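# Residue-level structure breakdown
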Amino acid sequence: MASQSISQFLIRTTFVLSFVLALPSHAQEAKELNLYSARHYQTDEALYSDFTKKTGIKINRIEADDNALAERLKSEGANSPADVILMVDAARLWRAQIDGFFKPIHSKYLESRIPSNLRSKPDADGSTWFGFSTRARLVVYNKAKVNAQDVDTYEKLAEPMNKGKVCTRSGAHPYMLSLIGAMIERRGEAATEEWAKGMVANMARPPRGGDTDQIKAVASGECGVALTNSYYLVRLLRSTKPEDQAIVAKISFVWPNQKTTGTHINIAGGGVAKNAPHSQAAIQFLEYLASDSAQEYFANGNNEWPVVKSVKIENEGLKMLGPFKAENISVAAIGKNQIAAQRLLDRVGYK
């Protein structure tokens, strides 16, 4: 009898295991997703809630800046619970790829929705990261002190006519590293280094602060011209606060390099974590970020442009910026150039 009971137990166990193994992989996973995000925008809350509402998958979030996330991922190693990693710059995404934080994936949906220049260069195993929204690096100038035609290219900012007028954030910031990485890709390292020398010579003050600080400094007259990511400007354009409208009244902007290479753009993006315990849910989340509803949210909720060109924009602030010619450079190449960009900045003393 004992041997018969053991035999029946083994049969039942084999049946259950066979049933479980026959399930689709996503059905075996818990209905949750561990998200490591360097996006610090409060408006993203609705984006995540919408995903949970549509899929039933709960999102557990860890939010920190890119460096803190990288250190956490390194310390966790193969035991990391991260399923998806989101970052906000091509340089940061490339560094995360080099550090081995991403798992390559194949997704026909993502590949059909996201242009090839806005995702990592694929290999036989797939792509490691994808861009889900874009932002442009604009030139903002003081209308009372600067003529638009004197600052309508990145190159002109480094010319003698703009001496004592230029303000930027730190050259070591990824936004600046990516811009310079793009210039290296377009113009070569020697020409870009000469440009950087001119920028240092033309500074109104040492680089400091964020992009909004640069805009405020232009409005106050401390700076004549500055660089900023587009969504910082759109925030001010959409604001109803009197102090923000006072800033907007004193400044204007130009799309740089419209007659030549186009305005530099960058991305926010992400990928599946290398050791993701819920990899199918992770892919499902990335595909959701490329859906029409999520793409509309990037535009209307956080003033970023969608990467899916068919998505309509209802953001009045983005509409106020108008159409522009964008630079057509692979963001993967821009990220790859960040080391050369940093060395170049160190040589010319661009702090």
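Residues numbered from 1 in each chain as written. Predicted model: local features only at pLDDT ≥ 70, side-chain atom pairs only at ≥ 80, totals over all residues. Heavy atoms only, no water.

## Digging into the pattern of salt bridges
Taken as a whole, this structure holds 24 salt bridges when the rule is applied. E304 is the salt-bridge partner of R135, the closest N and O atoms lying 2.8 Å from each other. Pair noted here: R135 is in strand β4 (residues 130-142) and E304 is in the loop between α13 (292-302) and β9 (305-306), with a separation of 169 residues, a long-range link. Neither residue differs from the other here; R135 and E304 are each classed as buried. Salt-bridge contacts for K197 lead to E194; the nearest nitrogen and oxygen are separated by 3.3 Å. Here the residue K197 and the residue E194 both occupy positions in helix α8 (residues 189-201), the gap between them amounting to 3 residues, near one helical turn. In this structure, a network of salt bridges that share partners links the residues R39, D44, R135 and E304. (Salt bridge = Lys/Arg side-chain N within 4 Å of Asp/Glu carboxyl O. Helix = DSSP H or I, 4+ residues; strand = E, 2+ residues; numbered from the N terminus. Buried < 20%, exposed > 50% of the residue type's maximum accessible area, 1.4 Å probe, protein only.)

## A word on the packing of aromatic side chains
Going through the model one piece at a time under the given rule, you end up with 9 aromatic pairs. On the basis of an interplanar angle of 80° and a centroid distance of 5.0 Å, the ring pair of F51 and F285 is categorised as edge-to-face. Remark: F285 occurs in helix α12 (residues 279-289) and F51 occurs in helix α3 (residues 44-55); sequence separation between them is 234 residues. Measuring from centroid to centroid gives 5.3 Å for F51 and Y288, while their planes differ by 50°, and the two rings are tilted. Taken together, the positions of F51 in helix α3 and Y288 in helix α12 put the pair 237 residues apart, joining distant regions of the chain. Using a relative accessible area of 8% as the deciding quantity, one classes Y288 as buried. (Phe/Tyr/Trp six-rings, centres within 6.5 Å; stacked < 30°, edge-to-face > 60°.)

## Notes on the pairing of strand β1 (residues 32-37)
A large share of β1 lies buried, amounting to 5 of its 6 residues. Where β1 and strand β2 (residues 58-63) come together, 6 bridges link them in parallel fashion. Along β2, the bridge assignment pairs E32 with K58. Regarding the hand of the β-α-β motif, the stretch spanning β1, α3 and β2 is right-handed. (Pairing = 2+ DSSP bridges. Right-handed = clockwise from strand over helix to strand, strands pointing away.)

## Remarks on the state of the cysteines
Inspection of the entire model under this criterion finds 1 disulfide. Paired through a disulfide, C167 and C223 show a sulfur-sulfur distance of 1.9 Å. The chirality of the disulfide connecting C167 with C223 is left-handed, given an S-S dihedral of about -75°. Of the two residues, C167 sits in strand β5 (residues 166-167) while C223 sits in the loop between α9 (211-220) and β6 (225-229), which places them 56 residues apart along the sequence. By relative accessible area, C167 is classed as buried at 0%. For C223, a relative accessible area of 1% gives the class buried. (Disulfide = S-S within 2.5 Å.)

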